[in-house]
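# Survey of secondary and tertiary structure
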Amino acid sequence: GIPCFAMNTVEGGTMRTEKARTGAFFCNRIRGKGKERWRQVRFVLSIVILLGPAAFVQAQPIGEALFSTSALSGGPFPSNLFTVPDAAQNTGLRVNLPLPDCTQRPSDCADLTIINTLDGFNLQPRLAIPFDRPIDLMSLMGLPVFLVSLGSTRPGPSSYGTIIALNQTVWEPTTNVLYAEADGLLDQHTRYALLVTRAVRDRLGRSVKPSKNFRRFLNGDHPALVNNGALQEYRRQIFEAIAAAQF
């Protein structure tokens, strides 16, 4: 599975401690200026201390798993979004990653040019799953994020519907990206879908949700879908993956 941990309790505790210390200091300063005023201020500060953390939690947006139809870092990677149809390939697709400025980065450009001749990605790729904010790494225990096989593109035995767990998970806090690998080698010329479930929680303990961009894509009203057969097929395969995973 994958990890995630909710810092909600720790952060809330820290907030209460800081406010309690500030409140006590303030009350002590004015204590000599009248018993009634001291009581009134102390009562007001107590309300802030008790209600402050709850109000803070409610004000924070719920974490989202990101999705983009065009940006490499804007959604899960690798992805068939960065391929083009190619009937000469076993998978019917060919990798089509954008090239950097070849005058500035000739080595990277040469490497990507070779990769762009392949009919798919690595048999044990490093998966990147971006979020819009930190997640609770402890919530990654089990199968909150996993791969499901959509079967081989060639005739013969198929692993369709097989669930593959992830391991080697690494959280990159500067970019809010979760990196992971499949728990074993994947099959050649086989389609796989990456699913992020609501079991993943943000640091306030709330289930992460799909981004607005992804919801529009699933609903069929994303502007990128207009007159774009490849994206429409990609959307169809998302629904196929959900059905194959028996969600």
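Each remark here, short or long, concerns the structure printed above.
Residues numbered from 1 in each chain as written. Predicted model: local features only at pLDDT ≥ 70, side-chain atom pairs only at ≥ 80, totals over all residues. Heavy atoms only, no water.

### Brief notes about the overall build of the chain
Of the regular secondary structure elements, the chain holds five helices and 10 strands. Evaluated residue by residue, the chain yields a buried proportion of 33% over its 247 residues. The long-range fraction of contacts in the chain, counting pairs at least 24 apart against all pairs at least 6 apart in sequence, stands at 66%. (Helix = DSSP H or I, 4+ residues; strand = E, 2+ residues; numbered from the N terminus. Buried < 20%, exposed > 50% of the residue type's maximum accessible area, 1.4 Å probe, protein only. Contact = heavy atoms within 4.5 Å.)

### So, the sheet that holds strand 8 (residues 177-182)
If you walk across this open sheet you meet the three strands as 4-8-7, and the pairing is antiparallel. Taken across any chain shown, the strands that pair with only one partner, and hence form the sheet edges, are strand 4 (126-130) and strand 7 (166-172). Each strand of the sheet is rotated relative to its neighbour by a mean of 25°, with strand direction disregarded. Here five bridges tie strand 7 to strand 8, and the two strands are oriented antiparallel to one another. Residue pairing for strand 8: Asn167 is matched across the bridge by Glu181. (Pairing = 2+ DSSP bridges. Axes fitted to C-alpha atoms, helices over the stretch in contact; angles between N-to-C directions.)

### Details of the state of the cysteines
All told, the structure shown has one disulfide when counted by the stated rule. Note on cysteine connectivity: Cys102 is disulfide-linked to Cys109, with sulfurs 1.7 Å apart. Where Cys102 bonds to Cys109 through sulfur, the torsion about that S-S bond is close to 40°, and the disulfide is right-handed. Taking relative accessible area as the criterion, Cys102 reaches 34% and is therefore assigned partly exposed. Note on Cys109: relative accessible area 7%, which makes it buried. (Disulfide = S-S within 2.5 Å.)

### Regarding the nonpolar core
Burial of nonpolar side chains together is a common tendency in soluble globular proteins. Phe131, Ile135, Leu140, Leu147 and Val200 are the most contacted members of the largest nonpolar core, which totals 18 residues. Looking at this core, the elements with two or more residues in it are strand 4, strand 5 (145-152), strand 7 and strand 8. For this core, the element with the highest residue contribution is strand 8, accounting for three residues. (Core = buried A, V, L, I, M, F, W, Y, C linked by side-chain atoms within 4.5 Å.)

### Describing a nonpolar patch on the surface
A contiguous nonpolar patch, built from Phe239, Ile242 and Phe247 and spanning about 290 Å² of accessible area, is present on the exposed surface. You can see Phe247 is positioned in the segment after helix 5 (229-244). On the basis of relative accessible area, Phe247 is assigned to the exposed category, the value being 59%. (Patch = residues over 30% accessible without salt bridge, like charges linked within 9 Å, V, L, I, M, F, W, Y side chains within 5 Å. Areas by Shrake-Rupley, 256 points an atom, 1.4 Å probe, with all protein chains shown as cover. Salt bridge = Lys/Arg side-chain N within 4 Å of Asp/Glu carboxyl O.)

### Structural notes on the side chain of Glu64
Tracing the backbone through its elements, the reader meets Glu64 in strand 1 (residues 64-65). Residue classification places Glu64 among the buried residues on the basis of a relative accessible area of 18%. Apart from residues lying up to four places away in sequence, Glu64 is in contact with Pro130, Phe131, Asp132, Lys209, Pro210, Ser211 and Lys212.

### Concerning the sheet that holds strand 9 (residues 190-196)
Reading across the sheet, the three strands line up as 6-5-9 and stay open at both edges, with antiparallel pairing between neighbours. Unpaired on one side and paired on the other, strand 6 (163-164) and strand 9 mark the two borders of the sheet. Pairing analysis gives two bridges linking strand 5 to strand 6, with the strands arranged antiparallel. From the neighbouring strand, Val148 faces strand 6, where its bridge partner is Ile163.

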